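A closer look at the structure
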Amino acid sequence: MEIDPFIFRLSIFILSIFIGYYVVWSVTPSLHTPLMSVTNAISSVIIVGAIIAGLAGNSESIFNTSSIFGFLAISLAAINIFGGFLVTQRMLQMYKKKKKDK
Amino acid sequence: MSENLSAIFYLISGVLFILALRGLSSPETSRQGNFFGILGMLIAITVTFLSIGNFSSGFTYVLIFLLIGGSIGAFIAYKIPMTAMPELVAGFHSLVGLAAVFVAISAFLNPGAFNLGSPGNIKLGSLIEMSIGAGVGAITFSGSIIAFLKLQGIMSGSPITFKGQHLLNALILISILVLTYLLCVTQSSNLFWTLIAVSFLIGFLLIVPIGGADMPVVISMLNSYSGWAAAGIGFTLENSALIITGALVGSSGAILSYIMCKGMNRSFFSVILGGFGATEQSSSSQNKEQRPVKSGNAEDAAFLMKNASSVIIVPGYGMAVAQAQHALREMVDTLKKNDIKVTYAIHPVAGRMPGHMNVLLAEANVPYDEVFELEEINNDFANADVAFVIGANDVTNPVAKTDPQSPIFGMPILDVEKCKSVLFVKRSLSPGYAGIDNDLFYRENTLMLFADAKKMTEEITKNLN
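As the structure is a prediction and not an experimental result, all values here were calculated from the model.

What follows is about the environment of Ser 16 of chain A. Tracing the backbone through its elements, the reader meets Ser 16 of chain A in helix H1 (residues 5–25). With 48 residues separating them along the chain, Ser 16 of chain A and Asn 64 of chain A place their C-alpha atoms 36 Å apart. Other than its neighbours up to four places away in sequence, Ser 16 of chain A contacts Ile 244, Ala 247 and Leu 248 of chain B. Among the polar contacts made by the side chain of Ser 16 of chain A, one reaches the main-chain carbonyl oxygen of Ile 12 of chain A at a distance of 2.7 Å.

This is the structure in structure tokens:
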């Protein structure tokens, strides 16, 4: 019997939870706020689904109910992607070590 | 682009996201990590375009909507003050949740576009995954909106509770399961809409009873939910980048919630059930006895610090409210000029979200190697001359160690009282978020500085010079 592809996706999912567990424990507590903003940004990779949904309409009717929801989701996810990565960048740039000269 | 090739690229972007989180293990590697994240996102988006291969007029609209969202996001990211970071993150969570709901709706209405079958005849597995994505997404959305309103102060931070709340929530959760089951059997779109509506409602009801002091847990928890919602959608779309990311974000949020709960010595369950702070507030106002308090002014504080050889600063949410971080840094600079050793002690739940104080201090150009976590620095208080508590309260309350009756008993606290003298900047003697009196105020070695945190710090600096 062939293995259902779902099982493979489930394996990826379970293993990623473990990777997440170990990776996140190694994040230094002082960077927990950037951690939250960057996880925010990367979870917006959901934009992939939004783009598929937005482009699903055929050439005569680009806007049908389904694709409109897709387009809206693109905007929402894009706010998060740009906002999330940029604000993380802004925060990380502020973390500086003690200057050597003093 | 063939499906296999795009699947490999999605995997690569998933790996890049793992590296993005991995980079955060130290500030030196963190910027590179963020770059990996951006790269992963670029790959995922590009591959999606290429695999659809449809560059007709629809493509233009995708770009337009992407640019609209992107410019709003970029604008917010540059404008937002660092003190408002908790609200921003809560707001962003709500967007991820809503986007998940929209994608699920879109997939439900047009399953053909996602290879999930046809309307009214969607594959069973996909339908379940879709329901999970939409349901969790809706909970994330409405929950984050409430968290946002509470953090912004638009909605009262005190917990809102009513009779039969837990029973109602339990019934709604059961009804969600029943709805999902019926949806799978009948494929009815009405049931799908009801499911989403009920999920919005439960998200709202779950967060409303949770008080302001528990906000760090709530934000972390919603962070986790947004991840699970993304993973649910990832299963629907059979997309490994989304599945990996969802799992990463989900476990990240869960770990942060755990750390926050431990920082308050509260069980995750009791936070979820909510109501903390409501009952305690009433009991504390009953037995208000007048105890003597020593209070001083900036001059006294400057005198004490000038004669100290080491000072530990304990910042809290009040520092953020007063925007005192820059003034504080200037004060510390002056102290350092006088050869006084200064370090910062940060409690895990200081502020309104994990790591909030660290960001504010970094913003004020405080080098991160002068900032220490609770376990690293707690033993140093006994050898320090002055502890300068600015905007923190409950996390310094010695009652947590001595009084088993206290609601915060057992919470790990900073041993501020062990210092030779404690300077406590606060506007009044009012209790903190937990609603309990701080024993530290009445200690022999405590000098209260009643003033706005920023003004007081500026005056101390003047007196130091």
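After that view, the rundown keeps rolling.
This paragraph deals with the interface of chain B and chain A. Interface size is often expressed as the accessible area that is lost when the parts come together. In this assembly, 104 residues from chain B lie in contact with 76 residues from chain A. The tally of links between chain B and chain A comes to 1 salt bridge. Residues Glu 238 of chain B and Arg 9 of chain A are paired through a salt bridge, measuring 3.6 Å at the closest nitrogen-oxygen approach. Scanning the region where chain B abuts chain A turns up 18 residue pairs in polar contact (both at pLDDT 80 or more). Counting only elements with at least two residues in the side of chain B that touches chain A, the list comes to helix H1 (3–22), helix H2 (27–52), helix H3 (57–79), helix H4 (85–109), helix H8 (215–237), helix H9 (240–264) and helix H15 (356–363) of chain B.

What follows concerns the packing of H8 of chain B against H9 of chain B. All names here are of chain B. Packing of H8 against H9 brings their axes to within 7 Å, and their N-to-C directions diverge by 160 degrees. As the angle between them shows, H8 and H9 are arranged roughly antiparallel. Both H8 and H9 take part in a crossing whose hand is left-handed. Of the residues that constitute the contact of H8 with H9, the class distribution is 18 nonpolar, 12 polar and no charged.

So, on to the sheet that holds strand S7 (residues 421–426) of chain B. Residues and elements named next belong to chain B. Ordered by their spatial adjacency, 6 strands build an open sheet running S5-S4-S3-S6-S7-S8, and the pairing between neighbours is parallel. Every interior strand has two partners, whereas the edge strands, strand S5 (371–373) and strand S8 (446–450), have only one. Neighbouring strand axes in the sheet, compared pairwise and without regard to direction, differ in orientation by 25 degrees on average. Bridge count for strand S6 (residues 386–390) against S7 is 5 bridges, and the pairing is parallel. For Val 386, the partnering residue across the bridge sits in S7 and is Ser 421. Here helix H12 (residues 298–306) sits on the sheet in contact with strand S3 (310–315), S6, S7 and S8, set at roughly 145 degrees to S7. On top of the sheet, H15 reaches S3, strand S4 (341–346) and S5; it is set at about 145 degrees to S4, its chief contact.

All names here are of chain B. Counted under the stated rule, the structure contains 9 salt bridges over all chains. A salt bridge links Arg 266 to Asp 214; its shortest N-O distance comes to 2.5 Å. In this pair, Arg 266 sits in the loop between H9 and helix H10 (268–273) while Asp 214 sits in the loop between helix H7 (189–207) and H8, placing the two residues 52 residues apart along the sequence. Accessibility assignment for this pair places Arg 266 and Asp 214 in one class, buried. Lys 401 is the salt-bridge partner of Glu 417, the closest N and O atoms lying 2.7 Å from each other.

The next subject is the side chain of Ser 240 of chain B. With respect to the helices and strands, the residue Ser 240 of chain B is situated in helix H9. Contacts of Ser 240 of chain B, omitting those with residues within four sequence positions, involve Ile 12 of chain A together with Ala 7, Tyr 10 and Leu 11 of chain B.

The next point concerns the UniProt feature "transmembrane region" (unreviewed entry) in chain A. Under the feature "transmembrane region" (unreviewed entry), the UniProt entry names residues 6–25, 37–56 and 68–88 of chain A. The span residues 37–56 of chain A is 75% helix and 0% strand, and its two end C-alpha atoms sit 31 Å from each other.

Definitions and limits used
Residues numbered from 1 in each chain as written. Chains lettered and ligands numbered in written order. Predicted model: local features only at pLDDT ≥ 70, side-chain atom pairs only at ≥ 80, totals over all residues. Heavy atoms only, no water. Helix = DSSP H or I, 4+ residues; strand = E, 2+ residues; numbered from the N terminus. Contact = heavy atoms within 4.5 Å. Polar contact = N/O pair within 3.5 Å; in protein donor to acceptor, adjacent residues only side chain to side chain. Salt bridge = Lys/Arg side-chain N within 4 Å of Asp/Glu carboxyl O. Axes fitted to C-alpha atoms, helices over the stretch in contact; angles between N-to-C directions. Parallel < 35°, antiparallel > 145°, perpendicular 65-115°, else oblique. Left-handed = near helix turned anticlockwise from the far one by under 90°. Nonpolar A, V, L, I, M, F, W, Y, C, P; charged D, E, K, R; others polar. Pairing = 2+ DSSP bridges. Buried < 20%, exposed > 50% of the residue type's maximum accessible area, 1.4 Å probe, protein only. UniProt positions renumbered as here; feature names shortened; annotations may be inferred.

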